[in-house]
Amino acid sequence: MAYCSATASTRGGTAPTLSNRSSISRLIDLNITSNASNQLFFTATSKTGYRKRRFYVRSEAKPKLKDPVTVEQGNIDKSKSDAEAVASRITYHAEFTSSFSPEGFDLPKAYFATAQSIRDSLTINWNATYNMYEKMNVKQAYYLSMEFLQGRALLNAIGNLELSGAYGEALSKLGHKLENVVSQEPDAALGNGGLGRLASCFLDSLATLNYPAWGYGLRYKYGLFKQLITKEGQEEVAENWLEMGNPWEIMRNDISYPVKFYGKVVTGSDGKKRWIGGEDIMAVAHDVPIPGYKTKTTINLRLWSTKVPSADFDLSAFNSGEHTKACESQANAEKICYILYPGDDSLEGKTLRLKQQYTLCSASLQDIIKCFERRSGENVRWKEFPEKVAVQMNDTHPTLCIPELMRILIDLKGVSWNEAWDITQRTVAYTNHTVLPEALEKWSLELMQKLLPRHVEIIEMIDEELINGIVAEFGKSDPELLGKKLNAMRILENVELPSSVADLFIKPKETSVVDTSEMSKASDNGSVADEEDELVENMEKEVDLPPIPVTPKLVRMANLCVVGGHVVNGVAAIHSEIVKQDVFNDFYKLWPDKFQNKTNGVTPRRWIYYCNPDLSRIITKWTGGDDWVLNTEKLAELRKFADNEDLQSEWRAAKKINKLKVVSLIKEKTGYSVSPDAMFDIQVKRIHEYKRQLLNILGIVYRYKKMKEMNAVERKDKFTPRVCIFGGKAFATYAQAKRIVKLITDVGATINNDSEIGDLLKVVFVPDYNVSVAELLIPASELSQHISTAGMEASGTSNMKFSMNGCILIGTLDGANVEIREEVGEDNFFLFGAQANEITGLRKERAEGKFVPDARFEEVKEYVRSGVFGPYDYDELLGSLEGNEGFGRGDYFLVGKDFPSYIECQEKVDEAYRDQKRWTRMSILNSAGSYKFSSDRTIHEYARDIWNIQPLQLP
């Protein structure tokens, strides 16, 4: 029973009347009874810019909202206290847009209501940003990535809108602490490591700097996986981040695009190619707002989910009992967006990965083209497309953008081949993130022909044009040189050359000149006849020839990126040089102006200002304001105070606060107790042999063994107490990486329960490492390990986050380590190991059997094999460090070579940490020198040098 009345209450059960006044009161009987204890009363009053309602809730159920509050819709009303206005909006969403039961206001419900309330403000700015882009029709950048590792959105959004204080006070009024509400948000499972984290930092910077840009990705239902650490090592279960819904996203039911697989290509009577038949799905848009810091600009991250229309459900089959068959179309469509990087050992897994990549490219390009046509109006000029659109491919996963854009332009828009190729090359750019051969994607040509037949036709034509260009460039006079160039640069691998080119490599048959006089002499001796008899006898025998290996025909996606884009960039200075001099050297010699460096960066908002508030306050105090959050160059001003005792004291106190938080985290996640007075030594990143977590744990084993050989006094005098913390996920099918996780956890279980060692050494593997865990670990870190084999890490971004938070790095001259060391000072970075230009020679030396392992390295391996860390057989893992060559042998990542240098460098770390004044000075100088590694700087460079876009700020 519900009533509408012009009065403030009902009287004696008299039916209320409706009045056309500006203030409307309503009485809603929640239980449809006359029991006044369960009634909700509110008043809605019209005001300029917002509406407000007053709630009076009485219930004896779960804890309710503390006080009557005013509900407002729209922006915060500055005429009253921000906290009161925020509380009213949270209450409104708790009552009217909640996906929870009406009674109570527990933490999950508080989180959703809070997120929905902040999304209101974001939506206003979001729509205004979108409308300005439409109105101004400026050039816009589109960032395509298979990963966006966003982390939690609530605290970032509140902070960027400068409402942290208001929300903290409002939630306190409503019975909760802001930090407790924030902790209810699951990390969005849309990425795994640095690739996705970089993409998310870039979106934050793009919005903050007011650049017109969008991100495009896939909406993975189950993410990569949730990592469990058990006695068996790593186990994987599906992520559950979407089980309770996502308050940040808006599903755009009016924005969906068809995506086709399989089928065949036919030529119509008009001579145009048509891709028909096959399997059709729909990609549906889900939009997530990305707010800038201290700006109204709110850009868009558009994520695609996949489905088929209801008509594709086979009702007849279902009613006949063939339930699986009836749902087959739905299952095939939906599974495309189930998992990030599904296992690809099987043909089915490879097919699914290729479907994912094409779905991202096709749906995003259709959306971009639709936007271009809409903004162009009736006068669409395709040659102007690159003047309005910049597409950035984040690694090789979005490579299919190139043939897909060609297909749409040629087959659907009627553009000629030459014009379409010119448009594509001027629109698309490629960021390379790896020098590892296995990560430079190559797809089976046979699989691609089945799945994307039209795209293979286009790729074949691009490859043929490339071949002709190479022949024209290098000529036909030196077939050997030409052959090398074609083998290195072609897009198609192990595919026959066009006949006109193949003929250049056909050698004429050689005819032997026979000395007849010698034959006559031999004939006289009977030798010729004997040889002929022997030849005939051999020909009559059956000869078992070894089978000729069948080399697979492949599509080299990285080569297609280089050929099809106008810029190729590396992500650190040393990496970009390796790209030019090694990975794509032949292309670089041909097109040197196409190659650039764009050293990565991280957003200082999330990675220091929000995650490390205590240190941020200190930096603000000593630099004279919070301008450094936008202009990180101001961090350099800390250098002049590095020896100031007051700053050093405050600096150490902030670090201690952060370490205490991690002590609690470790206890909660692992059950281990650690001392906050020990050095926190952290290595957190994807588990991979080249990142050398194995070197780290073997160094710890050596440390432990030496401790066990000493008495208590000797140990204390020799070693600095340490808590060695690991985190990161090993891909589910990467057996060697999972063995490394197992070794780390076994070593930890032994050392952490050794009463003789106590707090002198602890080893902890934090399970299910993600952005939220990083936001705790990084501010607490004192030493961070970035110890990849030199020349193998493209850049890294966690090294930047650690340095920004005053952590000192130990590492090789690899990736961005090189530039970080230059900025923070050589004395404030612990360097060890072989350099990139030595690696090839060292591997050759190993293959020739010339490498002699250090006795300490052999000692450590033997100690692991002794069983001191449990019964697990580590021969497969340790065997990879032995032998001279062969698959899984020969220590390809040079753990044994760098081991002596590594443990000697760790002794220098111990020595430095004992002098806390020196260590704190090093820490301050790391933060001061990290200013270069803001993603704001990186985005300015992309915008200026690659995308040619300009800032566009809302009034």
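Each chain has its residues counted from 1, following the order in which its sequence is written. Thresholds applied to this predicted model are a pLDDT of at least 70 for local features of residues and 80 or more for the giving and counting of side-chain atom pairs; totals over whole chains, interfaces and linings are not thresholded and use all residues. Only hydrogens and water are set aside when side-chain values are computed; all heavy atoms of the structure are taken into account.

## So, the overall build of the protein chain
1) Next: Of regular secondary structure, the protein chain possesses 37 helices and 28 strands.
2) Next: Going through the 955 residues of the protein chain one by one, you find that 54% of them count as buried.
3) Next: Should any heavy atoms of two residues lie within 4.5 Å, those residues are counted as being in contact. Intrachain contacts of the protein chain at a sequence separation of at least 6 include 73% that bridge at least 24 residues.
4) Next: Using the Shrake-Rupley algorithm and a 1.4 Å probe, accessible areas are obtained, with residue cover drawn only from the displayed protein chains. Carbon and sulfur atoms provide 50% of the accessible area of the protein chain, an area that totals close to 41400 Å². Strands here are runs of E lasting at least two residues and helices are runs of H or I lasting at least four, both read from the DSSP assignment and numbered beginning at the N terminus. Burial classes: relative accessible area under 20% of the type maximum marks a residue as buried, over 50% as exposed, and values in between as partly exposed (1.4 Å probe, protein chains only).

## Concerning the packing of aromatic side chains
1) Next: Pairing of aromatic rings covers Phe, Tyr and Trp, the last counted by its six-membered ring, and requires centre-to-centre distances within 6.5 Å; plane angles under 30 degrees mean stacked, over 60 mean edge-to-face, and any other angle means tilted. According to the stated counting rule, one finds 36 aromatic pairs in the structure shown.
2) Next: Among the aromatic residues, those joined into a ring-pair cluster are Y130, Y142, W214, Y216, Y257 and W304.
3) Next: Sitting over the ring of W607, K801 keeps its end group 4.4 Å from the ring centre. Either the NZ atom of lysine or the CZ atom of arginine qualifies as a charge over a ring when it sits within 6 Å of the ring centre and within 35 degrees of the ring normal.

## Points about the sheet that holds strand 20 (residues 554-556)
1) Next: Spatially, 18-20-19 is the arrangement adopted by the three strands of the open sheet, whose pairing is antiparallel. Unpaired on one side and paired on the other, strand 18 (442-444) and strand 19 (492-493) mark the two borders of the sheet.
2) Next: Pairing of strand 19 with strand 20 involves two bridges; the strand directions are antiparallel. Note that in strand 20 the partner of E493 across the bridge is L554. A pair of strands counts as paired when DSSP detects no fewer than two bridges linking them.

## Some thoughts on the sheet that holds strand 28 (residues 830-831)
1) Next: Read from one edge to the other, the open sheet built from six strands follows the order 25-24-23-26-27-28, with strand pairing classed as parallel. With partners counted over all chains shown, the strands left at the sheet margins are strand 25 (761-766) and strand 28, one partner each.
2) Next: The pairing of strand 23 (residues 679-684) with strand 26 (residues 783-786) spans two bridges and is parallel. When the sheet's bridge partners are listed, D681 is paired in strand 26 with L783.

## Quick word on the nonpolar core
1) Next: Among the nonpolar cores identified, the biggest contains 152 residues, and W304, M448 and W947 are the most heavily contacted of them.
2) Next: The element that contributes the greatest number of residues to this core is helix 10 (residues 347-376), accounting for eleven residues.
3) Next: Only buried residues count toward a nonpolar core, which is a set of Ala, Val, Leu, Ile, Met, Phe, Trp, Tyr and Cys residues joined through side-chain atoms within 4.5 Å. Counting 53 residues, the second largest nonpolar core, distinct from the first, contains I740, L743, C905 and M922.

## Focus on the pairing of strand 24 (residues 722-727)
1) Next: The buried fraction of strand 24 amounts to six of the six residues, a majority that puts the element mostly inside the structure.
2) Next: Burial of the side chains of strand 24 extends over both faces: R722, C724 and F726 are buried on one face and V723, I725 and G727 on the other.
3) Next: Where strand 23 lies against strand 24, six bridges are found, and the strand directions are parallel. Counterpart to I682 in the pairing with strand 24 is I725.
4) Next: Pairing of strand 24 with strand 25, which is carried by six bridges, proceeds in the parallel orientation. Across the sheet, V723 pairs through a bridge with K762, a residue of strand 25.
5) Next: The definition of a right-handed crossover adopted here requires that, viewed with the strands pointing away, the path from the first strand over the helix to the second runs clockwise. In this fold, strand 24 hands off to helix 28 (residues 735-751), which returns the chain to strand 25; that crossover is right-handed.

## Structural notes on the pattern of salt bridges
1) Next: What counts as a salt bridge is simple: a side-chain nitrogen of Lys or Arg found within 4 Å of a carboxyl oxygen of Asp or Glu. By the definition in use, this model includes 67 salt bridges.
2) Next: In this structure, D898 engages R692 in a salt bridge whose closest nitrogen and oxygen atoms are separated by 2.8 Å. In this pair, D898 sits in helix 35 (residues 895-914) while R692 sits in the loop between strand 23 and helix 26 (693-708), placing the two residues 206 residues apart along the sequence. R692 shares its class with D898; the two are buried.
3) Next: As a salt-bridge pair, K706 and E709 come within 3.2 Å of each other at their nearest N and O atoms.
4) Next: Residue classification places K706 among the buried residues on the basis of a relative accessible area of 18%.
5) Next: Judged by its relative accessible area of 47%, E709 falls in the partly exposed class.

## Observations concerning the confidence of the model for the protein chain
1) Next: Per-residue confidence for the protein chain gives a mean pLDDT of 89, with 87% of residues at or over 70.
2) Next: Under a pLDDT of 50 for its full length, residues 1-63 has, in the predicted model, 109 contacts with residues more than four places off or in other chains. The predictor's confidence in any single residue is recorded as pLDDT, a number from 0 to 100.

## Some points on the packing of helix 12 (residues 401-412) against helix 13 (residues 417-427)
1) Next: The angle between two axes is taken between their N-to-C directions and runs from 0 to 180 degrees, where each axis is a line fitted to C-alpha atoms and a helix contributes only its stretch in contact. Interhelical geometry of helix 12 versus helix 13 gives an angle of 140 degrees and a closest axis separation of 9 Å. Taken as axis vectors, helix 12 and helix 13 run oblique relative to one another. The handedness of the crossing between helix 12 and helix 13 is right-handed. Residues I402, L405, M406, L409 and I410 of helix 12 touch helix 13, and the partners they reach there are W417, A420, W421, I423, T424 and T427.
2) Next: Residues are grouped as follows: Ala, Val, Leu, Ile, Met, Phe, Trp, Tyr, Cys and Pro are nonpolar; Asp, Glu, Lys and Arg are charged; all remaining types, including Gly, are polar. In terms of residue class, the contact of helix 12 with helix 13 is made up of nine nonpolar, two polar and no charged. These descriptions rest on fixed angle ranges, namely under 35 degrees for roughly parallel, over 145 for roughly antiparallel, 65 to 115 for roughly perpendicular, and the rest for oblique. Left-handed describes a crossing whose near helix is turned anticlockwise from the far helix by less than a right angle; the clockwise case is right-handed.

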